[in-house]
Amino acid sequence: MLAIIGGSGMAMFDEMVDRRRQVVRTPYGDPSCPLSFGRIDGQEIVFLARHGYGHTIAPHEINYRANLWALDEAGVTAAVSVATVGGIRPDLAAGTLLLPDQIVDYTYRRHCTFFEGPDKPVTHIDFTEPYDGALRDRLVAAAQSIGETLLVGGTYGCTQGPRLETAGEIRRLAGDGCDVVGMTAMPEAALARELGIAYATLAVVSNPAAGIGDSARQISLADIQVVLESAIGRVRGVLRALR
Ligand code: HPA
């Protein structure tokens, strides 16, 4: 079964029919919200709002382990994560949709593995390619089928948040090879890999990152809202077409 993990600007997925909600408890605590099951074109999917249905859970407060555990328990084998990001590469204008293929993790003090505690053996997963290429291809095909453009490839730098970055931090991320910056890719992607869930991120560039282009002096949060309102509609179109 396919899961959609909705990010900022996407706390619901009303496109599903026959919707039903299910409260799930996990050994790691409660997920961000009850899981929402439903169908699109006959295909059963499950939706989870990463920040909660009321968008009240900040990136560093999200119980990523509970979220991924709940999806796994529900029988999820593939998860598309929708995430808003700042654009670092100059050609990534606000409104661009992008499928990153790499991650650099700058987060700290987040529970980043299921393999810890006295009864768990130390386990190292391979994470050379953090995203699933086949799921990325399905997203590209979905976009093509509706005439939507998705840029393929790019490195997602994941910061701790919830504050946005300084211009100096963005220069450092650019030097590290990051193309976009967001706050939620990690540990979500790694936990999905630990559970064997194929995982891909559909990133929405909501603003130039700090110090870049229109964000040279400051980032306009009002502008971000305007961009998201139209871009999320396009994301929904791609997800509706996903097979
Ligand atoms: N930085 C980090 N996360 C973000 C940004 C940003 O500029 N925009 C949207 N999510």
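Residues numbered from 1 in each chain as written. Predicted model: local features only at pLDDT ≥ 70, side-chain atom pairs only at ≥ 80, totals over all residues. Heavy atoms only, no water.

Help me out: how do you make sense of helix H5 (residues 221–240) in this one?
Within an α-helix, residues lying three or four positions from one another point in the same direction, as the helix has 3.6 residues per turn. Taking 1.5 Å per residue as the helical rise, H5 with its 20 residues ought to reach 28 Å, and the 28 Å between its terminal C-alpha atoms agrees with that figure. Of all bends in H5, the biggest is about 30°, found at Leu228. Here the buried face of H5 lies against strand S1 (2–6), strand S5 (78–87), strand S6 (97–99), helix H2 (133–145) and strand S11 (198–208). (Helix = DSSP H or I, 4+ residues; strand = E, 2+ residues; numbered from the N terminus. Expected span 1.5 Å × (residues − 1). Bend = angle between axes of the 7 residues up to and from the residue. Contact = heavy atoms within 4.5 Å.)

Which parts of the structure should I look at to understand helix H4 (residues 185–195)?
With 9 of 11 residues buried, H4 lies mostly within the body of the structure. Inspection of H4 places Ala185, Met186, Pro187, Glu188, Ala189, Ala190, Leu191, Ala192 and Glu194 among the buried residues, and these make up the whole buried set. At its buried positions, H4 is contacted by S1, helix H1 (64–73), S5, strand S7 (102–105), strand S9 (155–158) and S11. Trailing H4 by a residue or two, Gly196 shows a phi angle of about 75°, which is positive. (Buried < 20%, exposed > 50% of the residue type's maximum accessible area, 1.4 Å probe, protein only.)

Mind showing me how you'd approach the nonpolar core here?
One recurring pattern in soluble globular proteins: nonpolar side chains tend to sit buried together. Counting 80 residues, the largest nonpolar core has Met10, Phe13, Leu139, Leu202 and Leu239 as its most contacted members. Residue contacts for Leu239: discarding those within four places in its chain leaves Ile4, Met10, Phe13, Val80, Val82, Leu139 and Leu202. (Core = buried A, V, L, I, M, F, W, Y, C linked by side-chain atoms within 4.5 Å.)

Is there a simple way to explain the environment of Ile146 in this structure?
Within the element layout of this structure, Ile146 appears in the loop between H2 and strand S8 (151–152). Assessed through its relative accessible area of 43%, Ile146 is described here as partly exposed. Ignoring sequence-local partners within four residues, the contact set of Ile146 consists of Gly237, Val238 and Ala241.

Can you help me understand the packing of aromatic side chains in this one?
Within a pair of aromatic rings, the relevant descriptors are the distance that separates the centres and the angle that separates the planes. Evaluated as defined, the whole model comprises 5 aromatic pairs. Between Phe13 and Phe47, the aromatic rings sit 6.0 Å apart at their centres with planes inclined by 15°, giving stacked as the arrangement. Remark: Phe47 occurs in strand S4 (residues 43–49) and Phe13 occurs in the loop between S1 and strand S2 (17–22); sequence separation between them is 34 residues. Between Tyr28 and Trp69 the ring centres are 5.3 Å apart and the planes differ by 65°, which places this aromatic pair in the edge-to-face class. Taken as a pair, Tyr28 in the loop between S2 and strand S3 (35–40) and Trp69 in helix H1 lie far apart in primary sequence, 41 residues in all. What links up through ring pairs into an aromatic cluster is the set Tyr28, Trp69 and Phe114. One Lys or Arg, Arg21, reaches over the ring of Tyr53 and ends 3.8 Å from the middle of that ring. (Phe/Tyr/Trp six-rings, centres within 6.5 Å; stacked < 30°, edge-to-face > 60°. Lys NZ or Arg CZ within 6 Å of the ring centre and 35° of its normal.)

Even after reading the chapter, I still don't get the pairing of S9, so can you show me in this structure?
Each regular strand carries side chains that alternate between the two faces of the sheet. Judged by which residues are buried, S9 turns out to be covered on both faces: Thr155 and Gly157 on one side and Tyr156 and Cys158 on the other are all buried. Bridge count for S7 against S9 is 4 bridges, and the pairing is parallel. The residue bridging Val104 from the neighbouring strand is Gly157, located in S9. Direction of pairing for S9 relative to strand S10 (residues 180–182): parallel, over a ladder of 3 bridges. If you follow Tyr156 over to S10, its bridge partner there is Val180. (Pairing = 2+ DSSP bridges.)

Quick question: what am I supposed to make of the side chain of Gln160 here?
With respect to the helices and strands, Gln160 occurs in the loop between S9 and helix H3 (167–175). Its relative accessible area of 11% is what places Gln160 among the buried residues. At 3.1 Å, the side chain of Gln160 and the backbone nitrogen of Tyr108 are in polar contact. Dropping the residues within four chain positions of it, Gln160 is found in contact with His60, Tyr106, Thr107, Tyr108 and Arg110. (Polar contact = N/O pair within 3.5 Å; in protein donor to acceptor, adjacent residues only side chain to side chain.)

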